[in-house]
Amino acid sequence: MQAWKDIYTSYMHKQQQASPPEPDKSPLTGNLQADLQALQARLGDNGDLVVRDFQLFGAHQAAMLFFSSLVNMEQVREHVLKPLMAGPSGHQDIPDSIAGMIHYIWSTAVQVTQGTTTTDISVLPDAAVKGELILLIEGVPEALVLDMRQIDMRGVEQPQTEQVIRGPREGYVEKLENNLSLLRYRLQSTDFRIEISPIGTRTQSRVALCYIESIADSGLVAEAMRRISMIDTDGILDAGYIEQFIEDQPLSPFPQVQCTERPDKTVAALLEGRVAMLVDGSPFAVIVPALFNQFFQTVDDYTERFIMGSLIRMIRLIALACSLFFPAFYVSVISFNPELMPTEFAVAISGGRAGVPFPAVLEVLIMEVSMEVLREATIRLPQMIGGALSIVGVLVIGQAAVGAGLASPITVVIVALTTIGSFATPAYNAAIALRMLRFPLIILAGMFGLYGVMIGTILIVNHLLFLESFGVPYMSPYVPGKWRDLKDTLVRVPLWWMRRRPSFLHAKDNTRIAGSVSSAYVDQILSQEGETDE
């Protein structure tokens with residue numbers, strides 16, 4: 001307790017003092033103690049700041065400065081400190097002049113892969129907070145900066161938000177180097193380009209822009225770089241921050257970039273001519289341009305045979321439509337057009353709603369809001385008690401609500417089917433957009449019946465047609481329609497039939513499958529059916 005009281009007293013004393021001086025922009029003096037004091041004044045008092053004085057080769061006074069929380073102490077001891085503290089007998093070629101000591105240490109003594117030298121003291125504090133080790137020598141107005149950064153991260157695991165039946169089980173982690181290595185492992189091409197630059201005046205988060213130079217459109221790459229360069233904020237903590245700064249219509253509920261934590265999905269996008277962005281500290285990649293068609297496609301669509309993949313995709317689309325329109329159609333038919341139902345079914349529904357005091361629109365809204373609250377609470381709760389809450393919620397919202405007369409059984413069935421349908425949408429951000437648009441459609445249905453549903457649908461479709469993602473129409477390839485690009489939309493044709501990349505991406509190299517090989521194979525297949533390709 002006394003130690004914390006001393007820390008508190010020291011902190012309050014510093015707060016009452018004048019503002020700290022501006023960073024020293026003068027070059028290193030060569031005076032070891034003076035340079036160390038200048039660096040420590042810039043970095044402030046930190047419990048993990050280490051300043052290690054030692055005798056360089058047993059003859060020269062030197063010191064290392066680094067943050068123990070950012071570097072591997074074992075590597076510092078074995079590969080830096082141990083060889084530098086060895087006596088002169090262990091180094092036969094030590095220069096006589098102290099001026100050439102930095103070059104000798106870098107080329108002969110230390111065993112570090114990345115490092116640099118500098119004479120500017122103003123850049124050293126930023127290097128230290130990035131996990132680099134600073135070596136200063138008495139009498140040398142130059143510092144050796146060694147990259148010793150190492151932060152423990154979780155291992156590569158199966159993505160939690162994009163699980164597949166058949167496909168790789170690798171997902172991104174928080175460390176940027178690991179994520180880039182996963183891309184390099186799958187994309188062993190000399191045309192693969194990675195541009196890395198920090199963003200955020202305080203966090204200095206490294207953002208990597210990835211593309212394939214021989215495929216991606218130069219205009220798309222330049223536009224992505226321009227939008228990233230215009231980000232001026234103090235911190236980027238996740239790829240979602242980048243998404244909100246670069247999308248075309250930030251007020252739209254529909255996502256205009258694609259987020260994924262799967263390296264194979266990112267590589268597939270790069271091979272189509274898209275651009276991906278990764279942020280250090282985030283397990284997600286942002287892919288642009290992103291179109292509406294992408295948000296109901298999964299890796300399973302391509303790893304399974306095309307017939308099964310197309311069938312699963314059609315089921316997913318039906319679930320998507322149900323999650324958006326099912327409650328609104330129910331309300332409009334119950335409230336305005338009961339004649340559209342068979343007589344027996346209408347009588348059964350009327351009997352079920354006999355004890356419900358609310359109109360259909362209010363009944364559905366109550367149940368939908370209850371389900372949204374239950375779903376959000378289940379996601380936020382710890383996994384151990386989340387399952388218990390789900391069971392309690394289902395019992396309360398289901399049987400207990402019907403027994404209490406708050407909802408009819410058919411309404412519970414409708415809301416349950418709608419909720420299940422929303423889970424079938426692979427992209428989480430797209431599923432949220434559909435969930436949000438469901439409520440105005442229900443209100444319009446309660447006010448105007450099927451006319452309201454039609455008006456809401458027209459507004460949504462018009463909004464989708466208005467959207468663009470990095471200059472590409474959001475509803476491509478449906479609008480404008482192009483037969484060649486429709487091969488991978490509602491259904492997926494065989495992979496050997498998709499010879500070209502999507503035309504709306506304007507790829508430099510438009511050929512995906514070599515014509516000589518695919519033509520012979522396609523002609524062989526189609527000749528059995530008596531057809532010709534395109």
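Within each chain, residue numbers correspond to sequence positions counted from 1 in written order. In view of the model being predicted, local features appear only for residues whose pLDDT reaches at least 70, and side-chain atom pairs are presented and counted only at 80 or more, with totals across whole chains, interfaces and linings using the full set of residues. For the side-chain quantities, the full set of heavy atoms in the structure was used; hydrogens and water were omitted.

Caption draft 1: Molecular detail of the overall build of the protein chain. What the protein chain contains, in helices and strands, is 18 helices and twelve strands. Contact definition: two residues touch when any of their heavy atoms are within 4.5 Å. Of all intrachain contacts in the protein chain linking residues separated by at least 6 positions in sequence, the fraction that spans at least 24 positions is 65%. To be clear on the numbers: accessible area is Shrake-Rupley with a 1.4 Å probe, and residue cover counts the displayed protein chains and nothing else. Counting only carbon and sulfur atoms, one obtains 61% of the accessible surface of the protein chain, whose full area is about 27,600 Å². Under the DSSP-based scheme used, a helix requires at least four consecutive residues in state H or I and a strand at least two consecutive residues in state E, with every element numbered from the N terminus.

Caption draft 2: Summary view of the sheet that holds strand β9 (residues 275-279). Strand pairing requires that DSSP identify at least two bridges connecting the strands. Taken in spatial order, the five strands make up an open sheet running β6-β7-β9-β10-β8, and their pairing is antiparallel. At either end of the open sheet lies a strand with only one pairing partner, and these are β6 (192-199) and β8 (258-260). Strand-to-strand twist in this sheet, taken as the mean axis angle between neighbours without regard to direction, amounts to 25°. Strand direction decides the pairing type here: β9 and strand β10 (residues 285-288), joined by four bridges, are antiparallel. Its bridge partner lying in β10, L278 is registered against A285. Axis lines are fitted through C-alpha atoms, for helices just across the contact stretch, and the angle between N-to-C directions can take any value from 0 to 180 degrees. Its contacts with the sheet place helix α8 (residues 239-246) against β6, β7 (205-212), β8, β9 and β10, and it is angled at close to 135° to β9.

Caption draft 3: Structural detail: the pattern of salt bridges. Whenever a carboxyl oxygen of Asp or Glu lies within 4 Å of a side-chain nitrogen of Lys or Arg, that contact is scored as a salt bridge. Scanning the entire structure with this criterion turns up 24 salt bridges. The residue E177 makes a salt bridge to R206 at a minimum N-O spacing of 2.7 Å. Within this pair, whereas E177 is found in helix α6 (residues 176-186), its partner R206 is found in strand β7, the two being separated by 29 residues in sequence. The buried label goes to any residue with under 20% of its type's maximum accessible area, the exposed label to any with over 50%, and the partly exposed label to all in between, with areas taken from a 1.4 Å probe on protein chains only. Take E177: its relative accessible area is 35%, and that puts it in the partly exposed class. Residue classification places R206 among the partly exposed residues on the basis of a relative accessible area of 22%.

Caption draft 4: Highlighting the sheet that holds strand β3 (residues 115-118). Taken in spatial order, the five strands line up as β1-β2-β4-β5-β3 in an open sheet, and their pairing is antiparallel. Single-partner strands in this sheet number two, and they are β1 (49-56) and β3. Taken over all neighbouring pairs, the strand axes of this sheet differ in orientation by 20° on average, direction set aside. Sheet analysis places β3 next to strand β5 (residues 143-147), joined by four bridges and oriented antiparallel. Bridge pairing links T116 to V145 in β5. Contacting β1, β2 (60-67) and β4 (132-137), helix α2 (residues 32-43) runs over the sheet at an angle of about 10° to β2.

Caption draft 5: Representation of the environment of T266 within the structure. With respect to the element layout, T266 can be found in helix α9 (residues 263-272). With 18 residues separating them in the primary sequence, T266 and F284 have C-alpha atoms 10.0 Å apart. Apart from residues lying up to four places away in sequence, T266 is in contact with Y172, L183, T260, A276, A285 and I287.

Caption draft 6: A look at the nonpolar core. In this description, a nonpolar core means a group of buried Ala, Val, Leu, Ile, Met, Phe, Trp, Tyr and Cys residues linked to one another through side-chain atoms lying within 4.5 Å. Counting residues in hydrophobic clusters, the biggest one holds 36 residues, and the most contacted among them are F254, F292, Y330, V331, L464 and Y474. Listing elements by their share of this core, those giving two or more residues are α11 (306-335), α12 (343-352), α13 (360-380), α15 (409-423), α16 (428-448) and α17 (450-466). Element by element, the count of residues in this core is highest for α11, at eight residues. Those residues in contact with L464 that lie beyond four places of it in its chain are F254, F292, Y474 and M475.

Caption draft 7: Spotlight on the pairing of β7. Counted residue by residue, β7 has seven buried out of eight residues, so it is predominantly covered. Looking at chain direction, β6 and β7 are connected through eight bridges and run antiparallel. Among the inter-strand pairings, S197 is bridged to a residue of β7, identified as V207. Hairpin connection of β6 to β7: five residues between the antiparallel strands, including G200 at a positive phi of 105°. Pairing analysis gives four bridges linking β7 to β9, with the strands arranged antiparallel. The partner of L209 across the bridge, within β9, is M277.

Caption draft 8: Seen up close, unusual backbone geometry. Looking along the chain, the bond that leaves V288 and enters P289 is cis, with omega of -10°. The topology assignment puts P289 in the loop between β10 and α10 (300-303). The residue after S476, namely P477, is reached through a cis peptide bond having omega 0°. Mapped onto the elements, P477 comes out in the loop between β12 (472-473) and α18 (515-529).

Caption draft 9: Region of interest: the packing of α11 against α16. Running from N to C, α11 and α16 point in directions that differ by 20°, and their axes come no closer than 8 Å. Between α11 and α16, the angle is such that the two are roughly parallel. Between α11 and α16 lies a crossing whose hand is right-handed. Residue-level contacts link L320, S323, L324, F325, P327, A328, V331 and S332 of α11 to L434, L437, R438, L441, I442, A445 and G446 of α16. The residue makeup of the contact of α11 with α16, split by class, is eleven nonpolar, three polar and one charged. Orientation categories follow fixed angle ranges, with anything under 35 degrees roughly parallel, anything over 145 roughly antiparallel, 65 to 115 roughly perpendicular, and all other angles oblique. With the far helix as reference, a near helix turned anticlockwise by less than a right angle produces a left-handed crossing, and one turned clockwise produces a right-handed crossing. Note on residue categories: nonpolar means Ala, Val, Leu, Ile, Met, Phe, Trp, Tyr, Cys or Pro, charged means Asp, Glu, Lys or Arg, and polar means any other residue, Gly included.

Caption draft 10: The packing of α6 against α9, seen in detail. Packing of α6 against α9 leaves a shortest axis separation of 9 Å and a crossing angle of 60°. Taken together, α6 and α9 sit at an angle that is classed as oblique. Seen along the crossing, α6 lies across α9 with a hand that is right-handed. Residues L182, L183 and R186 of α6 pack against P263, D264, T266 and V267 of α9. Partitioned by chemical class, the residues of the contact of α6 with α9 number four nonpolar, one polar and two charged.

Caption draft 11: Region of interest: the packing of aromatic side chains. Classification of ring pairs uses Phe, Tyr and Trp, with its six-membered ring standing for Trp, and accepts pairs whose centres are within 6.5 Å; under 30 degrees between planes counts as stacked, over 60 as edge-to-face, and the remaining range as tilted. Applying the stated criterion across every chain, the model contains eight aromatic pairs. The rings of F254, F292, F295, F296 and Y474 are connected pair by pair, giving a single aromatic cluster. A cation over an aromatic ring shows up here: R227 above the ring of F470, its NZ or CZ 4.0 Å from the ring centre. Above the face of the F423 ring, R375 is positioned so that its terminal group lies 5.0 Å from the ring centre. Two conditions define a charge sitting above a ring: the NZ of Lys or the CZ of Arg must be within 6 Å of the ring centre, and it must be within 35 degrees of the ring normal.

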